Amino acid sequence: AQAWSVISGAAPDKNARQALQSARELLVSEDEGLIRLLTPAFDQTQKNPGYIKGYIPGVRENGGQYTHAALWLVRAFAEMGHRPYAAKLLKMLTPVDHAASEGQANQYMVEPYAVAADIYGEVPLTGMGGWTWYTGSAGWMYRVMLESILGLQIQEGNKLILQPLILPEWEYYAITVNSIDGKTTYHIKISNQQKRSEGSFDVQLDGDDLAMVDDIIEVEMRDDGKEHELEIAVRKKRDIIS
């Protein structure tokens, strides 16, 4: 509910920021690599929240991570202007990050190459994966990664909209976009050779300078059967000073 109040635009700015701050404090556990759906889990209570109480505490919706909702929270942080933090959370949610060591893999217990719909959130099962494959979370993870973190959207079928992400940890990242018929390709590369945390961009499409408007790059993709190069570079600090 907190994430959707932000994503939908229904919440006033003050309330949206308060909702995200509360979620960060109460639901995000970086040490455990989890974003819980709710806390504390329902256990010994006379109140009946519905079918989720049928799960033991920490399993699935009852206090575990439900990856659908966790990804919506990542998207909400990104849309409120916190994309570096959103990128950090997304990395935390990727399955391979849960099996980076033998100990983590033994705790996770499921495939490190398939997104888990849920991860348990209470001892002794904290960090154990639940349903894999049987989930739409993989699709949401792809969209959040591409649209909310990397800043790429395609509108009206052929309009490429890009708001590049600058992270000091990334020297560059690249995206390849194919036309619907598969005959035209746009190779997009965002470079940050000085590994800066902020800055403006130089943009070229097939060697020609391209202007940004309000920090957004717009390219109308042509179905011409050719390969195109969209090169975006964070300006070097000395260029900005001069």
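For the structure itself, consult the block above.
Across its full length, the protein chain holds seven helices and twelve strands. Along the first, second and third principal axes, the C-alpha atoms of the protein chain reach 65 × 40 × 35 Å. Counting only residues that meet the buried cut, the protein chain has 41% of its 242 residues in that class. Of all intrachain contacts in the protein chain linking residues separated by at least 6 positions in sequence, the fraction that spans at least 24 positions is 56%. Carbon and sulfur atoms make up 50% of the accessible area of the protein chain, which totals about 13900 Å². Of the side chains in the protein chain, 23 bear a positive and 33 a negative charge, and the two mean positions are spaced by 4 Å.

With that settled, consider empty space enclosed by the protein. Going through the model one piece at a time under the given rule, you end up with one cavity of 30 Å³ or more. Of the pockets and cavities examined, the largest cavity occupies roughly 40 Å³. Lining the largest cavity are Leu165, Ile166, Leu167, Trp170, Tyr172, Tyr173, Ile190 and Asn192. The class makeup of the residues in the lining of the largest cavity is seven nonpolar, one polar and no charged.

What follows covers unusual backbone geometry. A cis amide bond, omega -5 degrees, links Thr39 with the succeeding residue Pro40. Assignment of secondary structure puts Pro40 in the loop between strand E2 (34-35) and strand E3 (65-66). Going from Val123 to Pro124, the amide bond is cis rather than trans, its omega being 5 degrees. Following the sequence through the fold, Pro124 ends up in the loop between strand E4 (118-119) and helix H6 (137-149). Despite not being glycine, Trp133 shows a phi value in the positive range, around 70 degrees. Of note, Trp133 is situated in the loop between E4 and H6. We classify Trp133 as exposed; its relative accessible area is 58%. Positive phi is not limited to glycine here, since Asp214 has a value of about 55 degrees. For Asp214, the location among the structural elements is in the loop between strand E10 (208-209) and strand E11 (217-220).

Each value, and the rule that gives it
Residues numbered from 1 in each chain as written. Predicted model: local features only at pLDDT ≥ 70, side-chain atom pairs only at ≥ 80, totals over all residues. Heavy atoms only, no water. Helix = DSSP H or I, 4+ residues; strand = E, 2+ residues; numbered from the N terminus. Buried < 20%, exposed > 50% of the residue type's maximum accessible area, 1.4 Å probe, protein only. Contact = heavy atoms within 4.5 Å. Areas by Shrake-Rupley, 256 points an atom, 1.4 Å probe, with all protein chains shown as cover. Lys, Arg positive; Asp, Glu negative; His and termini not counted. Charge placed at Lys NZ, Arg CZ, Asp CG, Glu CD. 1 Å grid on protein atoms, 1.4 Å probe; cavity = no way out; pocket = protein on both sides within 12 Å on 5 of 7 lines; lining within 4 Å. Points joined across faces, edges and corners; volume = space filled by probe spheres on them. Nonpolar A, V, L, I, M, F, W, Y, C, P; charged D, E, K, R; others polar.

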